Amino acid sequence: MNENLLDLNDVTVSFMARRGGTKTPINAADHVTLSVRRGEIFGLVGESGSGKSTLARLIVGLNSAVSGTVVFDGEVLANKKRSRTLRRQMQMVFQDPYSSLDPSMTVRRQLTEILKVHDAVPVAQRKAHCEKVFAQVELSPSLLAARPRQMSGGQRQRVAIARALLLSPELLVADEPVSALDVSIQAGIIQLFADLRSRLGVTIFFIAHDLAVVRHLCDRVAVMYMGKIVEEGVTSELFANPRHPYTRALLDSIPRLQPDAHEEVVAPEGEPPSLARLPSGCRFRSRCPFATEKCALEEPPLIDVTSSATHSLHRAACHYANDLEAYVGRSSSV
Amino acid sequence: MTDLVVGPTPHLRRKFRRPPTTLIVGGSIIGFIVLLAIFAPLVTSYNPTTINLLAPLQGPSAAHWLGTDQLGRDIWTRLVYGARTDLSVAFIAVLTPFAVGTVLGALAGYLGGWLDNLIMRIADVVVAFPFYVLVIVLVFLLGPGTSSIYIAISVVSWISYARIIRGSTLVAKNQEYVLAAQLQGFSTLRIIMRHILPNVISQAIVFAMSDIVNDILAIVTLGYLGLGIPPPAPDWGEMMASGQQFLTTHWELSTIPGFAVVLTGLGLSLFGDGLNELLGRN
Amino acid sequence: MTSTSSSEPLLVVEDLCIDVTPVGDKKPVPAVRNVSFQVAAGEAVGLVGESGSGKSLTLRTILGLLPAGVKATGGRVLFEGVDLLKAPKKTLKNLRGTGITMIFQEPMTSLNPITKVGEQIIDAARAKHSWSKSDARNHALRLARHMGVPDAENVLSLYPHELSGGLRQRVMIAAALACRPKLVLCDEPTTALDVTIQAQIIRLLLELKDELGMSMLYVTHDLAVVAQLCQRLEVMYSGSIVESGLVSDLFREPNHPYTQGLVNATPDVDAVVDLLTGIRGNAPTLGNWPEGCAFHPRCDFATEECTSGEFSLRDTGDGRASACIHIERLHESTRHGAR
C-alpha cells in the first residue's frame, strides 16, 4: 500500500481560450507536481485563474492532461477513461449545492440509483445503507424523501457529501464545497469534513479560495497562481513562515475580524496577468514587491525551503524564497 | 455538535398555492369543450350526418339550437361532433412530433458533434418551407385521409420540439448534477433519460399546447381546402367551406365553426401559458 | 467639509417594513419588519446578515429599487429630512447621483454591456452637470485614474466584458461617485471578487470615503470586511436588526447570540482560535419565521420567554443596542471559555 494515495506528476492541462476573434492555447495547469498522502486533508488554494478547479477535474477524469501523469494508489490513470472500480474509489463534491443535485428526483432515488448502477449493495440493504450514510453526514433520514428544492443550501451540501460517501471512496475531491454557503452553515460543513476524515479515514483533496478555511481544516496546503504551484507545505509552517511573495500577499489581503482592522488595509498592487499573455520568467513578478531582473529572465523552480527547526517539507517557487526577510504579517498584534 | 440536523424543515410541508389564473380559465374552456366532445351523444339529439332536405337553413329554434345547414343537418350537433373529430385528430397528431422531436433534440444537445449537425441541418431544410405549404403539399401527395394528416404534420412539426429540447439540454448538460452523474459512470442513455429529459421536458409540454392549436388550424385549413378528414365525419373546416356560399344570407354557417376554432385556440393558449407559469414556479 | 447641521444624521430609517408577495400568491409575506437605524454624515455603517436577513431589500428600498412584488409597507426613510418612501418620483430622481448613489455586487450586470465604460462614466457625470463633452471626458479620465484604473485612457475605450472583475468594479465606483454623492449605498460590492482584488477595492473605498467625506451604508455577509470599512454595524436576522453598535465593541464582546455565532463561525486566518463552530439548524425561510425571537430555535441560551412576544432592539448603553433578553447568560458562557 502506497503512502501516497494520489500523485500528480508534472501535469499540464491546456484549453483553447477565445480572446477577441482568435483562439489561443492556455495552460490552465502548467507542469504541476504534487502528492496527497493517504488519510490526509490536502488543501489547494488559489484565486480565479489559478487552475485549482482544473486540477480537481483532472483528478476525477473530467479533463485530460496534455502531458504528465495522474497516479492513484500506484496506478497510472488514463485520461478520462475510468473503470467502475476507480470511480467508486474517487468521488467529488461540487461547489454549488443548488445545481449539484437533480431537481426532479427525490434524494432517495438519486442515492439508490448510484447503488444500483454500481451494484455495490444488495437491494434489500440499500435503504439501510442510505440511512447509515445520512447519519454520517448528520442528516435526519426523513430528508431522504425530500426533493432538493425543499432543502436549504447547507442540507443540500450534506446530501452531496452523502452521495460522495455512498460507495466508501478512498479519496474525496471537494471543489470549493463551502464557498456558496452562509458562514454560519459553512463551519458545520468544515467540521463535518474533519470528522469524516477521523471517523472514516477518507483522504480529502480540498479546494478553496479562502486561506482561512484551509487553515482550520487542512494538514498540508499548496498555493496556486496562474496555473503553477507557488508554495507548498504543512499548514502551520506555511502560515507561520510563508516563503513566496504571493502567499504573503494573499495572507495580507484577507480582512481580519479585529476591532480596528481598518487601520491596516494591506493590498497587493496590480491585476493578475491574462493566462494568454503571461509575463516572461516568474508569473507573479508584475505584482511582486521584491521582483528583480532575474525574475523576468528565469522562471523560478520550486525550491526546498524546509526550515531546519520543523523538518516538515516546505517548497516555494521564488528565486529569493530563502532570502526574504521573515514575514511579519498582520498577526503581530496578537 | 453531532446532533442530527433537524428535518423535515418547514419547506417540506407543501403549501397549497392557487394555480395561475390562466391555467384555470384556459383549463375550464378546454375542459368544457372536451367534455362536450366526449359526451356528444348526450348533449345532442340528432345525427350529424343525416340529411333532411325538408328543413334546410332554418334559424335557431327550440328544436335546433343553432339552426340547420343547407342540407338540413343540425348545426349544434355537427359542431359538437366536429369538435370530437378535430380535437382527437389534433391531440394524436401532436404526439409523434413531440416524442420524436424531444428524443432527437436531447441527443443532438447532449452528444453534439456530427449528430447535432445532421439533425439541425435537416431541421433547417424543413423549416425553410412555410408550415402550411409543406403540410398541404404532403397531404396532397399522400392522398387525403386521416393518416396522411398525421404523417404530414409529424414530418413538419418535430423540429420545434427538437430545437427547444436541444437548447434546454445544452444548458442542463453543464449543470453539476449531470457532471456528477457522468462521474459516477452512468451510461449516456441513463443520463439523458433519467436526468436530462425529466428536467427539460416541461418546455416541450408547454409548447405542445400551442402546437395543438396549430394542428387544429392545419386540420381545419385542410378541411376547408377539401384535403381534410374525409366525409362524412363532421369537421369544422369543411363546415366553414361549405357555408361560404351562404355568407351573405346565413353567415352563421361559416361563422359558428370559426368561432369554435377561436375559442378552442384561446383555451389551449391560456392553458399553455398557465402550465408554463406553474412549471416555472418550481 | 461643512454640513448644514452636523448633528442631524444624514439618513434615518425608522420602523421600516417591507412585504414580499411571492409569485402566484395573493398574500404578502413580511420580509423586513420594524428596522430602524441611522447613518451620520461622513460615517460608514455596516448592515450585516446572511441569506434571508432582508439586508439587501432594506438597502434597495432607500433608492426605491425594489423588484415587482416587493413593497415597503410602513415606516419612514428620511434623507436630509425628506421621507423617500413618500417622495414623488422626481425628488428621488434628483437625489440619485448627487445625494445618494449605489454600488452593486455584480458589475457585469449593472454596467451596460453594449456601451464603452468611458461613456458610462461620462454619462453619469453629465447627468447632473451641464459639461461639454470634452470637459466631461477629462473628468472621467481623472476619476478613472483616481480609482486606480491603470492605463485609463485605453481602458475607458473598452467594453465591460473586456475588463477584469476588479477593473469593472473600479469603473462602476467611478461612475457612482462621478457626482460626489453624500451617501453611497454598497450592496456587497466585493463579494464576487478575488481576495487580493477585494483588498484593493476596500482600500480604495476607505480612501475615497476620507477624501470625499461621504457616508457609506455597506451591506455584506462578511464580518471581516465590515471590520475594515465601518465604524458602526447593524446585524440583521430574519428581517429585523438584532444588534447594533460600534464594530470594535460588537466583535470584542457580542451582545446577541447570533452575533456571537457569526463571530465564532468566521474562519480565522491567523488561527488565534482553533475551534470553528457554526450555528446549528437553518435560517427560517420567508413566511416561516418562528414566534417570538426569530433566532430562538437555533439559540443555546433560549428560554420559554423567547418563544413569544415582541423582540425589538433595546438600548444597552454605550451606544449599543440588542434584541436579546439573555445578554448576561451569553457573557457568562463566553467568559467561561465555551466561546
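All of these numbers come straight from a predicted model, not from anything done at the bench.

Enquirer: Just to check I follow, could you spell out the overall build of chain B for this structure?
Expert: Scanning chain B from N- to C-terminus turns up 10 helices and zero strands. Compactness check: chain B gives a C-alpha radius of gyration of 24 Å against a globular reference of 19 Å for 282 residues, more than 25% above the reference. Its C-alpha atoms give chain B principal-axis dimensions of roughly 90 × 50 × 25 Å. Sorting the 282 residues of chain B into buried and exposed places 46% on the buried side. Accessible surface, chain B: about 13,700 Å² in total, of which carbon and sulfur atoms supply 69%. Placing the 15 positive and 14 negative side-chain charges of chain B at their respective mean positions leaves the two points 12 Å apart.

Enquirer: Any chance you could explain a nonpolar patch on the surface here in plain terms?
Expert: Nonpolar side chains collect at one region of the surface, where B:L35, B:I38, B:F39 and B:L42 lie side by side and expose about 420 Å² of accessible area between them. As for its placement among the helices and strands, B:I38 is situated in helix α1 (residues 21-38).

Enquirer: Even after reading the chapter, I still don't get the packing of helix α3 (residues 75-111) of chain B against helix α6 (residues 146-173) of chain B, so can you show me in this structure?
Expert: How two helices pack is summed up by the angle between their axes together with the distance between the axes. Residue and element names in this part refer to chain B. Here α3 crosses α6 at 35°, and the two axes come no closer than 5 Å. Every pair of crossing elements has a handedness; the one defined by α3 and α6 is right-handed. A class-by-class count of the residues in the contact of α3 with α6 yields 19 nonpolar, nine polar and two charged.

Enquirer: Mind showing me how you'd approach the confidence of the model for chain B here?
Expert: Detailed reading of the predicted coordinates is not advisable wherever pLDDT falls low. Residue and element names in this part refer to chain B. Overall, the prediction assigns chain B a mean pLDDT of 86, with 94% of residues at 70 or greater. Within chain B, helix α7 (residues 176-183) carries the highest mean pLDDT (93), whereas helix α2 (residues 40-43) carries the lowest (84). Here residues 1-13 is modelled with pLDDT under 50, and outside its nearest four sequence neighbours on either side it reaches 26 contacts, counting other chains as well. The ipTM for the predicted assembly is 0.89, set against a pTM of 0.88.

Enquirer: So what exactly am I meant to see when it comes to the sheet that holds strand β6 (residues 100-103) of chain C here?
Expert: Across a sheet, strands are paired by hydrogen bonds formed along the backbone, either parallel or antiparallel in direction. Residue and element names in this part refer to chain C. Within the open sheet, the eight strands sit side by side as β6-β7-β8-β3-β9-β10-β12-β11. Their pairing is mixed. Two strands in the sheet have a free side with no partner beyond their single neighbour: β6 and β11 (314-317). Averaged over all neighbouring strand pairs, the angle between strand axes comes to 20°, with direction disregarded. When strand β3 (residues 44-48) meets strand β9 (residues 232-237), the two strands line up parallel, connected through four bridges. Directly across from L47, in β9, lies its bridge partner E234. Across the sheet, helix α11 (residues 257-265) touches β3, β9 and β10 (240-246), and the angle it forms with β9 is around 100°.

Enquirer: Could you clarify how one ought to interpret the nonpolar core in this entry?
Expert: It is characteristic of soluble globular proteins that their nonpolar side chains tend to be buried jointly. Ranked by internal contacts, the top residues of the largest apolar core, which has 138 residues, are A:F134, A:I161, A:F193 and A:F206. With 15 residues, the single largest contributor to this core is α3(B). Dropping the residues within four chain positions of it, A:F193 is found in contact with A:I41, A:I161, A:L172, A:A174, A:P177, A:I204, A:F206 and A:L217. If you look at the next biggest cluster of nonpolar residues, it comprises 70 residues, including C:L223, C:V226, C:F251 and C:V263.

Enquirer: Looking at this model, I keep getting lost on the packing of aromatic side chains. Mind explaining?
Expert: Each aromatic ring pair is summarised here by two numbers: the centre-to-centre distance and the angle between the ring planes. All told, the structure shown has 12 aromatic pairs over all chains when counted by the stated rule. Residues B:F131 and B:Y132 carry aromatic rings whose centres are separated by 5.2 Å and whose planes lie at 75° to one another, so their mutual orientation is edge-to-face. Residue classification places B:F131 among the partly exposed residues on the basis of a relative accessible area of 22%. Both rings, one in C:Y237 and one in C:Y258, keep their centres 4.6 Å apart while their planes meet at 55°; by these two values the pair is tilted. With C:Y237 in strand β9 and C:Y258 in helix α11, the pair connects residues that are 21 residues apart, well separated along the chain. Residue C:Y237 is classed as buried on the basis of its relative accessible area, which comes to 4%. By relative accessible area, C:Y258 is classed as buried at 0%. These aromatic residues form a ring-pair network of at least three members: A:Y225, A:Y246 and A:F284. The ring of B:F186 has B:R190 lying over it, and the distance from NZ or CZ to the ring centre is 5.8 Å.

Enquirer: Looking at this structure, I do not really get the pairing of β6(C). What am I missing?
Expert: A regular strand places its side chains so that they alternate between the two faces of the sheet. Residue and element names in this part refer to chain C. Side chains of β6 alternate between two faces, with I100 and M102 and T101 and I103 buried alike. Sheet topology note: the β6/strand β7 (residues 183-187) ladder contains four bridges and is parallel. Residue pairing for β7: I103 is matched across the bridge by C186.

Enquirer: What should I look at first to understand unusual backbone geometry in this one?
Expert: Glycine aside, residues mostly have negative phi, and peptide bonds are mostly found in the trans state. In this model, C:E80 sits at a positive phi of 50°, which is unusual for a non-glycine residue. Classification of C:E80 by relative accessible area gives partly exposed; the value is 44%.

Enquirer: Explanation requested: the interface of chain A and chain C in the structure shown.
Expert: Where interface size is given, it is often the accessible area lost as the parts come together that is meant. Each side of the interface is counted separately: chain A has 44 residues, and chain C has 44 residues. When chain A packs against chain C, the two sides together hide about 3,700 Å² of surface, and 58% of this comes from carbon and sulfur. It is A:H216, A:L257 and A:E271 that lose the most area in chain A upon contact with chain C, and together they represent 19% of the buried surface on that side. Taken together, the connections running from chain A to chain C amount to two salt bridges. Applying the counting rule to chain A against chain C returns 15 residue pairs in polar contact (both at pLDDT 80 or more). At the level of elements, α6 (183-200), α7 (211-217) and α9 (245-253) of chain A are the ones that each hand at least two residues to the side of chain A that touches chain C. Among the elements that take part in the side of chain A that touches chain C, α6(A) stands out by supplying eight residues, more than any other.

The rules we used
Residues numbered from 1 in each chain as written. Chains lettered and ligands numbered in written order. Predicted model: local features only at pLDDT ≥ 70, side-chain atom pairs only at ≥ 80, totals over all residues. Heavy atoms only, no water. Helix = DSSP H or I, 4+ residues; strand = E, 2+ residues; numbered from the N terminus. Rg over C-alpha atoms; globule rule 2.2 N^0.38 Å. Buried < 20%, exposed > 50% of the residue type's maximum accessible area, 1.4 Å probe, protein only. Areas by Shrake-Rupley, 256 points an atom, 1.4 Å probe, with all protein chains shown as cover. Lys, Arg positive; Asp, Glu negative; His and termini not counted. Charge placed at Lys NZ, Arg CZ, Asp CG, Glu CD. Patch = residues over 30% accessible without salt bridge, like charges linked within 9 Å, V, L, I, M, F, W, Y side chains within 5 Å. Salt bridge = Lys/Arg side-chain N within 4 Å of Asp/Glu carboxyl O. Axes fitted to C-alpha atoms, helices over the stretch in contact; angles between N-to-C directions. Left-handed = near helix turned anticlockwise from the far one by under 90°. Nonpolar A, V, L, I, M, F, W, Y, C, P; charged D, E, K, R; others polar. pLDDT = per-residue confidence, 0-100. Contact = heavy atoms within 4.5 Å. Pairing = 2+ DSSP bridges. Core = buried A, V, L, I, M, F, W, Y, C linked by side-chain atoms within 4.5 Å. Phe/Tyr/Trp six-rings, centres within 6.5 Å; stacked < 30°, edge-to-face > 60°. Lys NZ or Arg CZ within 6 Å of the ring centre and 35° of its normal. Buried area = accessible area lost by both parts, 1.4 Å probe. Polar contact = N/O pair within 3.5 Å; in protein donor to acceptor, adjacent residues only side chain to side chain.

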